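Chain by chain, the residues run as shown.
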Amino acid sequence: MGPLQDAGRRKGDSRPLKAAVYYNNNDVRVEERPVPAIGPGEALVRIEASGICGSDVMEWYRIKKAPLVLGHEIAGTIEKTGPGVKGFKPGDRVTVAHHVPCNTCRYCLAGNHSVCDTLRSTNFDPGGFCEFVRVPAINLDRGTFILPDNVSFEDGTFVEPLGCVVRAFRVARFSPGMSVLVIGSGMSGLLHIRLARALGAGKIAATDINNFRLDSATRSGADLALDARTDVPAKIREAFGRPVDLVIICAASDSAITQGLKSVDRGGTVIFFAPKEPGGTYPLPLFDLWRDNITIINSYASPPYETLVALELIASGRVRVNDLITHRLGLDEAQEGFRLVAGAGESIKVVIVPQR
Ligand SMILES: [Zn+2]
Ligand SMILES: [Zn+2]
């Protein structure tokens, strides 16, 4: 589409869009917002599917910015493009990353895009839980990927969360044969189990306090699914003969961290994937960590390379994702979706389908 036609279309955007606006976990309201106008290098994307992330219901993390439109695991169709856009056209099926790096700061140059100021401040407008989003030029340039025909919009919502997991594995220097313990078998825990399986892990154990999620862990490839209220470190030694090489903490309670630190073998690695609240602390057993040469890793976000890898893993079928969806809800039901995800019970992936 040429710039002139586009300018003509941009004037016609008076119809409001519907958005699910977050006030707190128990107050998500459907409101109308103006359809964002797009400028040079930008695109308007019609949201077809938008996943609710565990981080969307971390109230301490979200409430300080409320009211706002959340939703960062999106897939949709390009509705229109602004002047100067190359490489994308209306009708393209895409997934779009909300956070993208500058690629030029010292952190990006060093390969740690997750701590780039630009990555932390970029976003699409207004958010994924609505009918349309404006994709800023920088997000279109380095955070927008065409979905192959065999990747559905629903599958596309897993690209960002799986990308976060891919990055954690890379930073932790995962290698084939490693035994793994995943603490917390919600959405991200299950993706860790599946990626570990796909990459040739040795034995895999997983914990949770919910039987529905423990069953999902087993179906995802865990050899051992343990109730987190039992003596997890002892059960792992009993079943595997030794502690594990890699522990992934997807639930940041003190008891979960303690179990994790007691379950890692000498020379092993612990990934803190789920954060504690700002200011939250945990007394580290520093002598044990020193004597046993334990590596502690933190990983946050899915920079573009990991996003691309995640998409390829989904497209190739190496990491299955679609069966993780337990609920598909319209925008009007977003409140119910937040309740399900916050409850961490008999739900795994809750996807909002705004166009239904
Ligand atoms: Zn997320
Ligand atoms: Zn940067």
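Residues numbered from 1 in each chain as written. Chains lettered and ligands numbered in written order. Predicted model: local features only at pLDDT ≥ 70, side-chain atom pairs only at ≥ 80, totals over all residues. Heavy atoms only, no water.

(A) Looking closely at the overall build of the chain. Check the secondary structure of the chain and you find 14 helices and 15 strands. Compactness check: the chain gives a C-alpha radius of gyration of 21 Å against a globular reference of 21 Å for 356 residues, within 12% of the reference. Across its three principal axes, the chain shows a C-alpha extent of roughly 70 × 40 × 40 Å. For the chain, the residues scored as buried account for 54% of the 356 residues in total. When contacts within the chain are restricted to residue pairs at least 6 apart in sequence, long-range pairs at least 24 apart make up 68% of them. For the chain, the exposed area adds up to about 15400 Å²; of that, 51% sits on carbon and sulfur atoms. Both charge centroids of the chain, one from 41 positive and one from 39 negative side chains, sit 3 Å from each other. (Helix = DSSP H or I, 4+ residues; strand = E, 2+ residues; numbered from the N terminus. Rg over C-alpha atoms; globule rule 2.2 N^0.38 Å. Buried < 20%, exposed > 50% of the residue type's maximum accessible area, 1.4 Å probe, protein only. Contact = heavy atoms within 4.5 Å. Areas by Shrake-Rupley, 256 points an atom, 1.4 Å probe, with all protein chains shown as cover. Lys, Arg positive; Asp, Glu negative; His and termini not counted. Charge placed at Lys NZ, Arg CZ, Asp CG, Glu CD.)

(B) Spatial organisation of unusual backbone geometry. Between Ala66 and Pro67 the backbone carries a cis peptide bond, its omega angle lying at -5°. On the secondary structure map, Pro67 appears in the loop between helix H2 (59-62) and strand S4 (73-81). Cis geometry marks the peptide bond from Asp125 to Pro126, where omega comes out at 0°. Locating Pro126 in the fold gives a position in the loop between helix H4 (117-121) and strand S6 (132-135). Positioned with a positive phi, Asn103 is a non-glycine residue whose angle comes to about 70°. Inspection of the secondary structure puts Asn103 in the loop between strand S5 (93-96) and helix H3 (106-109).

(C) Main features of the pattern of salt bridges. Using the criterion set out here, one finds 23 salt bridges in the structure. For Glu48, the salt bridge is made with Arg46, and the minimal N-O distance between the two is 2.8 Å. Through salt bridges with shared partners, one network takes in Glu42, Asp125 and Arg134. (Salt bridge = Lys/Arg side-chain N within 4 Å of Asp/Glu carboxyl O.)

(D) Structural view of the packing of helix H7 (residues 159-171) against helix H8 (residues 187-198). Where H7 contacts H8, the axes come no closer than 10 Å and their chain directions differ by 55°. As judged from the angle between their axes, H7 and H8 are oblique. H8 is crossed by H7, and the crossing has right-handed handedness. Residues Pro161, Leu162, Val165, Val166, Ala168 and Phe169 of H7 form the contact with H8, whose own contacting residues are Met187, Ser188, Leu191, His192, Leu195 and Ala196. When grouped by side-chain class, the residues that make up the contact of H7 with H8 number ten nonpolar, two polar and no charged. (Axes fitted to C-alpha atoms, helices over the stretch in contact; angles between N-to-C directions. Parallel < 35°, antiparallel > 145°, perpendicular 65-115°, else oblique. Left-handed = near helix turned anticlockwise from the far one by under 90°. Nonpolar A, V, L, I, M, F, W, Y, C, P; charged D, E, K, R; others polar.)

(E) Region of interest: the coordination of the zinc ion (ligand 2). All of the protein donors around the zinc ion (ligand 2) are Cys102 (SG), Cys105 (SG), Cys108 (SG) and Cys116 (SG); their distances to the metal are 2.3 to 2.4 Å. Bound by four donor atoms, the zinc ion (ligand 2) shows angles of 103 to 116° at the metal and therefore tetrahedral coordination geometry. Binding-site remark: the zinc ion (ligand 2) is held by donors from one chain whose sequence spacing is C-x2-C-x2-C-x7-C. Relative accessible area serves as the criterion here: at 5%, Cys108 is assigned to the buried category. (Donors = N, O, S within 2.8 Å, 3.2 Å for Na, K, Ca; no water. Tetrahedral: all angles 85-135°; square planar, octahedral: opposite > 155°, others 65-115°.)

(F) Representation of the side chain of Glu306. Examined against the element boundaries, Glu306 turns out to sit in helix H13 (residues 304-315). With residues near it in sequence (within four places) discarded, Glu306 still touches Gly163, Val166, Arg167 and Arg170.

(G) A look at the coordination of the zinc ion (ligand 1). Surrounding the zinc ion (ligand 1) are the protein donor atoms Cys53 (SG) and His72 (NE2), which sit 2.1 to 2.3 Å from the metal. One end of the pair, Cys53, is in the loop between strand S3 (43-51) and H2; the other, His72, is in the loop between H2 and S4, with 19 residues separating them in the sequence. Here Cys53 falls in the buried class, since its relative accessible area comes to 16%. Its relative accessible area of 6% is what places His72 among the buried residues.

(H) Examining helix H10 (residues 232-240) more closely. Burial in H10 covers these residues: Val232, Pro233, Ile236 and Phe240. What you see down the axis of H10 is that its buried residues fit within an arc of 100°, all on one side. Where H10 is buried, its residues meet strand S8 (180-183), strand S9 (204-208), strand S10 (224-227), strand S11 (244-249) and helix H11 (254-263). At the exit of H10 stands Gly241, carrying a positive phi of roughly 90°. (Arc of directions from axis to C-beta.)

(I) Representation of the pairing of S6 in the model. Alternating residues of S6 divide into Phe132 and Arg134 and Val133 and Val135, and every residue in both groups is buried. Sheet topology note: the S3/S6 ladder contains four bridges and is antiparallel. The residue of S6 that forms the bridge with Ala43 is Val135. (Pairing = 2+ DSSP bridges.)

(J) How the structure looks around the packing of aromatic side chains. Tallied over the entire structure, the rule returns five aromatic pairs. Over the ring of Phe158 we find Lys349, and its NZ or CZ is 5.8 Å from the ring centre. (Phe/Tyr/Trp six-rings, centres within 6.5 Å; stacked < 30°, edge-to-face > 60°. Lys NZ or Arg CZ within 6 Å of the ring centre and 35° of its normal.)

(K) Representation of the environment of Gly317. With respect to the helices, strands and loops of the structure, Gly317 is situated in the loop between H13 and strand S14 (325-329). Considering only alpha carbons, one finds Gly317 and Ser216, 101 residues apart in sequence, at a separation of 18 Å.

Note that every value here comes from positions in space, so none of it alone points to a role or purpose.
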